[in-house]
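Listed here are the chains, written in short residue letters.
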Amino acid sequence: DAGVIQSPRHEVTEMGQEVTLRCKPISGHNSLFWYRQTMMRGLELLIYFNNNVPIDDSGMPEDRFSAKMPNASFSTLKIQPSEPRDSAVYFCASTLGEGYGYTFGSGTRLTVV
Amino acid sequence: DAKTTQPPSMDCAEGRAANLPCNHSTISGNEYVYWYRQIHSQGPQYIIHGLKNNETNEMASLIITEDRKSSTLILPHATLRDTAVYYCIVTNNAGNMLTFGGGTRLMVKP
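Residues numbered from 1 in each chain as written. Chains lettered and ligands numbered in written order. Predicted model: local features only at pLDDT ≥ 70, side-chain atom pairs only at ≥ 80, totals over all residues. Heavy atoms only, no water.

A few points about the overall build of chain A
Inference 1: Helices and strands together make up the secondary structure of chain A, namely zero helices and eleven strands.
Inference 2: From first element to last, N terminus to C terminus, chain A shows the α and β order β-β-β-β-β-β-β-β-β-β-β.
Inference 3: Each principal axis of the C-alpha atoms in chain A carries an extent, and together these give about 40 × 25 × 25 Å.
Inference 4: Within chain A, the proportion of its 113 residues that are buried is 48%.
Inference 5: In chain A, once contacts between residues fewer than 6 apart in sequence are set aside, the share between residues at least 24 apart is 53%.
Inference 6: Roughly 5700 Å² of accessible area belongs to chain A as shown, and the carbon and sulfur atoms make up 49% of that amount.
Inference 7: Chain A carries 10 positive and 12 negative side-chain charges, and their two centres are separated by 4 Å. (Helix = DSSP H or I, 4+ residues; strand = E, 2+ residues; numbered from the N terminus. Buried < 20%, exposed > 50% of the residue type's maximum accessible area, 1.4 Å probe, protein only. Contact = heavy atoms within 4.5 Å. Areas by Shrake-Rupley, 256 points an atom, 1.4 Å probe, with all protein chains shown as cover. Lys, Arg positive; Asp, Glu negative; His and termini not counted. Charge placed at Lys NZ, Arg CZ, Asp CG, Glu CD.)

Dropping the structure here:
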């Protein structure tokens, strides 16, 4: 079991550019979550999917952020256009469902300059 | 979900038990207590969870008071690698949509 796989591990981009973060959940897990972590705000839930369907995106900060889950083994989080305040570590997590813990990926450290 | 209160930081001597408290006085009957930890620069790691009974696994023990208004995570023999931020989370839907607070920064010292 390779765990939750996120790519890239690090991303440095210029303000205004589009950024796409990728996540491969653990096979068989039916819920997937995107979190953002900053020093100021800690860990914030952005959006979560259940069986590939977005259930709650109330944490997505603004329309510049979008997330998709086209199939059970892949999800993307896109920021367009990116801004310096989007700099953070973005984590993806998956779980089998109720009563099971989350497994987090290693995160993507995004720096927008 | 019920709010939790944890001390911001704690120290523990290597080899001793680390007892991390969490208050969740507004917890309701169907809410679970989850514990995660985050070692520097890594993603959070699931430790243990429970509803009302005490729980134990290979990582830790979870003691929940009878009124369920507080709990304690016990690391029986802390090592330097247990230095991390420990998060206590209460959730009403068995683990979905976890909301992380500030956690307790545990420093294990030699």
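From this point, things continue past the structure.
Quick look at the sheet that holds strand β3 (residues 19-24) of chain A
Residue and element names in this part refer to chain A.
Inference 1: Spatially, β1-β3-β8-β7 is the arrangement adopted by the four strands of the open sheet, whose pairing is antiparallel. Looking at the sheet topology across the chains shown, the edges are occupied by β1 (5-7) and β7 (65-71). Between one strand axis and the next, the sheet turns by 15° as a mean value, whatever way the strands run.
Inference 2: The pairing of β1 with β3 spans three bridges and is antiparallel. Across the sheet, S7 pairs through a bridge with R22, a residue of β3. (Pairing = 2+ DSSP bridges. Axes fitted to C-alpha atoms, helices over the stretch in contact; angles between N-to-C directions.)

So, the interface of chain B and chain A
Inference 1: On the chain A side, the residues contacting the 17 residues of chain B number 19 residues.
Inference 2: Summed over both partners, the interface of chain B with chain A buries about 1400 Å², with 54% contributed by carbon and sulfur atoms.
Inference 3: Seen at the junction of chain B and chain A, the total is four residue pairs in polar contact (both at pLDDT 80 or more).
Inference 4: Contributions of two or more residues to the side of chain B that touches chain A are made by β3 (32-38) and β4 (45-50) of chain B.
Inference 5: Here the side of chain B that touches chain A gets three residues from one element, more than from any other, and that element is β3 of chain B.
Inference 6: Taken together, the residues that form the side of chain B that touches chain A break down as nine nonpolar, eight polar and no charged. (Buried area = accessible area lost by both parts, 1.4 Å probe. Polar contact = N/O pair within 3.5 Å; in protein donor to acceptor, adjacent residues only side chain to side chain. Nonpolar A, V, L, I, M, F, W, Y, C, P; charged D, E, K, R; others polar.)

Read these as geometric descriptors, not functional statements.
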